[in-house]
Amino acid sequence: MDAIVSLRASANSSLLPIYSSAHGNPSHALIFSTSSSRVKDVTRSIRCSVSTGRDVNSPVVEMKSYAEEFAGMELSSVMALSPLDGRYVQKVKDLRPFFSEYGLIHFRVLVEVKWLLKLSEIPEITEVPNFSGGARAFLESIIHDFKFNDALEVKKIEKVTNHDVKAVEYFLKQKCKSCPEIAEVLEFFHFACTSEDINNLAHALSLKEAMNTVIYPTMVELCDVICKMAKENAHIPMLSRTHGQPASPTTLGKEMANFAVRLSDQGKKFPQINVLGKFAGAVGNYNAHKAAYPTIDWPSIAADFVRSLGIEFNPYVTQIEPHDYIAELFNRVVQVNNIILDFDRDIWSYISLGYFKQITKAGEIGSSTMPHKVNPIDFENSEGNLCLANAVLSALSMKLPISRMQRDLTDSTVLRNLGVGLGYSLLAYKSTLQGIKKLQVNESRLNEDLENTWEVLAEPIQTVMRRYAVPEPYEKLKELTRGKVVTMDSIKQFIEGLDLPGEAKLELLRLTPHSYIGEAEKLAKAVDDAVDLANGFKLL
């Protein structure tokens, strides 16, 4: 078949739209990246057939072998398996340095290098003398100057070793051969370590850094924006709805304050979570350590080392750190996500009721067939992604603390998904923030609803009647309002006929659905007193 290939060059790869030209229709394009040197091979290997009159049981696009066609091609966003690395990559890319394969390798390198430096500081280990300033700087530079190509080199070694952590050890040995001082002690890389000594600290560092630098700041931003909504709309009365039915009025700001305070309360609990690490060898007992250097207090050395990385030490472990802190952390994130999901659904409902208008953007389309529509897509996207986030985070929190005897390998593959649940969370937070920016309060619609629901004053009237011992107050108001059209006139007529002190009756006559808001305005204006964004939302 004929194929049309258009080439857009870049530094390392080319974006190649390849599609069948049998009908001159580029709508069937398959987009991916490959190096320009492979263009001829790619065009020969693609086998596509597109027909307008084909058997309905055959595929629209036939390909010889997905695995063969895409093997070795560099990832393009339109070929990503996960939407986090595809459609949404620009919104979650800040997590890549922490949770990508590159990120994991980088943190492993950090732990291995820091351990060798620690060994050089232990007087009893005479085989690793104290490094000179130049040697220390050389080792530190491996961490600080770690690049994408370094990660690729580790992956290249892994193809031979078929062991990812051992590949890091071999990479470091190769890297340090050029420094004579370190070349003398290469075998002390990974000394007395099991792979999980390295991995658990790498994961702990990635989690702590990602939470503190990416996730928490976005949580704080969202909470802060909702606080501002609360204060700006503190005075705007709004009809409440319980069970979907009209209920005692509130203010728009007070309902926003509820969410801000809930989020803040969760944020205050994050610093209570200890990020834990272990460094106790194959089964947590320092067996190999003691065999090599029997007189060294290895538990103390391990504790000092782990704490030097900014991680709290867990002294009682098997081959793995049991991951209870990850479960606790993710359960807390799930609760934050549930609050935001609740917020999304409420805002969606308020938009549906007309309480909010959405500011339109030039060129944006709400529906492919209904031109008038402005859909609350940001809140819907947030809700959907929060559901995905919570599914992954909950699965991780339930699985990770469970391991057979001294360890099985099930946690290893699961831990590679730490960034998935947090990625969907981050995506959701940004969608909610984007949606809030489009909101515009529709006060006329809020007032209209209040004006049409004078029956909500049945509550204060019967409560005042109780105070002054008027018989059967609830029953009288039920007879007046239940299942009937209630107006301002019918309410005032009822009040006039009550046997109440003059001042009490006058207060009730002044009451309207718009003014019957209790302390809602004051509560909304005081939201900053209940919200603490400075001391929460962090891992210490």
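Residues numbered from 1 in each chain as written. Predicted model: local features only at pLDDT ≥ 70, side-chain atom pairs only at ≥ 80, totals over all residues. Heavy atoms only, no water.

(A) Inspection of the overall build of the protein at higher detail. A tally of helices and strands in the protein yields 24 helices and ten strands. Within the protein, buried positions represent 47% of all 540 residues. Considering only contacts in the protein between residues 6 or more positions apart, those separated by 24 or more positions represent 73%. Carbon and sulfur atoms make up 52% of the accessible area of the protein, which totals about 27100 Å². (Helix = DSSP H or I, 4+ residues; strand = E, 2+ residues; numbered from the N terminus. Buried < 20%, exposed > 50% of the residue type's maximum accessible area, 1.4 Å probe, protein only. Contact = heavy atoms within 4.5 Å. Areas by Shrake-Rupley, 256 points an atom, 1.4 Å probe, with all protein chains shown as cover.)

(B) Focus on the packing of aromatic side chains. Under the counting rule described, the total for this entry stands at 14 aromatic pairs. Consider the rings of F259 and F343, whose centres lie 5.3 Å apart with planes at 85 degrees: the pair is edge-to-face. Of the two residues, F259 sits in helix α11 (residues 252–267) while F343 sits in helix α14 (residues 324–353), which places them 84 residues apart along the sequence. F343 shares its class with F259; the two are buried. (Phe/Tyr/Trp six-rings, centres within 6.5 Å; stacked < 30°, edge-to-face > 60°.)

(C) Expanded view of the pairing of strand β5 (residues 237–242). Relative to strand β6 (residues 245–251), β5 is paired through five bridges, and the arrangement is antiparallel. Opposite R241, over in β6, you have P246 as the bridge partner. Taking the residues that link successive antiparallel strands as the turn, the β5-β6 hairpin has two residues, and the phi of H243 there is positive, at about 60 degrees. (Pairing = 2+ DSSP bridges.)

(D) Spatial organisation of the packing of α14 against helix α17 (residues 418–437). At their nearest, the axes of α14 and α17 sit 11 Å apart, and the two run at 25 degrees to each other. With respect to their mutual orientation, α14 and α17 come out roughly parallel. The hand of the α14/α17 crossing is left-handed. When α14 is examined against α17, the residues I326, F330, V333, V336, N337, I340, F343 and D344 are found in contact with a partner set consisting of L418, L422, S425, Y429, T432 and I436. The residue inventory of the contact of α14 with α17, partitioned by class, reads ten nonpolar, three polar and one charged. (Axes fitted to C-alpha atoms, helices over the stretch in contact; angles between N-to-C directions. Parallel < 35°, antiparallel > 145°, perpendicular 65-115°, else oblique. Left-handed = near helix turned anticlockwise from the far one by under 90°. Nonpolar A, V, L, I, M, F, W, Y, C, P; charged D, E, K, R; others polar.)

(E) Fine view of helix α7 (residues 148–161). Across its 14 residues, α7 extends 20 Å between first and last C-alpha, which sits within 8% of the 20 Å expected from 1.5 Å per residue. Those residues of α7 that fall on the buried side of the exposure criterion are D150, A151, V154, I157 and E158. For α7, the angular spread of buried residues about the axis comes to 115 degrees, placing them on one side. Along α7, exposed side chains directed more than 90 degrees from the buried face belong to F148, N149, K156, K159 and V160. As for α7, its buried residues are in contact with α5 (101–119) and α8 (164–176). Just beyond α7, the residue with positive phi is N162, at close to 55 degrees. (Expected span 1.5 Å × (residues − 1). Arc of directions from axis to C-beta.)

(F) Broad picture of the confidence of the model for the protein. Predicted confidence across the protein gives a mean pLDDT of 87, with 84% of residues reaching 70 or more. Low pLDDT, under 50, characterises residues 69–73; the predicted model gives this stretch 14 contacts beyond four residues in sequence or across chains. (pLDDT = per-residue confidence, 0-100.)

(G) Representation of the pattern of salt bridges within the structure. In total, this model carries 30 salt bridges according to the counting rule given. Between R407 and D411 there is a salt bridge whose closest N-O contact spans 2.6 Å. For D411, a relative accessible area of 1% gives the class buried. Overlapping salt bridges bring together E101, R108, K155, E158, D164 and R416 as one network. (Salt bridge = Lys/Arg side-chain N within 4 Å of Asp/Glu carboxyl O.)

(H) Local environment of the packing of helix α21 (residues 488–496) against helix α22 (residues 502–510). The N-to-C vectors of α21 and α22 enclose an angle of 175 degrees; their axes lie 10 Å apart at closest approach. In terms of axis orientation, α21 runs roughly antiparallel to α22. Within the contact between the two elements, α21 uses K492, I495 and E496 and α22 uses K505, L508 and L509. Residue composition of the contact of α21 with α22, grouped by class: three nonpolar, no polar and three charged.

(I) Up close: the side chain of D408. Checked against the element boundaries, D408 lands in the loop between α15 (377–399) and α16 (410–415). A polar atom in the side chain of D408 sits 3.0 Å from the backbone nitrogen of R404. (Polar contact = N/O pair within 3.5 Å; in protein donor to acceptor, adjacent residues only side chain to side chain.)

(J) Summary view of the nonpolar core. Within the largest apolar cluster, 130 residues are counted, with the highest numbers of intra-cluster contacts made by L139, I182, F279, W298, L329 and L422. Here the element with the most residues in this core is helix α10 (residues 195–232); it accounts for 18 residues. Excluding residues that lie within four positions of it along the chain, F279 makes contacts with V111, W115, C193, D197, I198, L201, Y286, H289, A302, F305, V306 and F313. By size, the runner-up hydrophobic cluster in this structure holds 17 residues, among which are L457, M465, L500 and L509. (Core = buried A, V, L, I, M, F, W, Y, C linked by side-chain atoms within 4.5 Å.)

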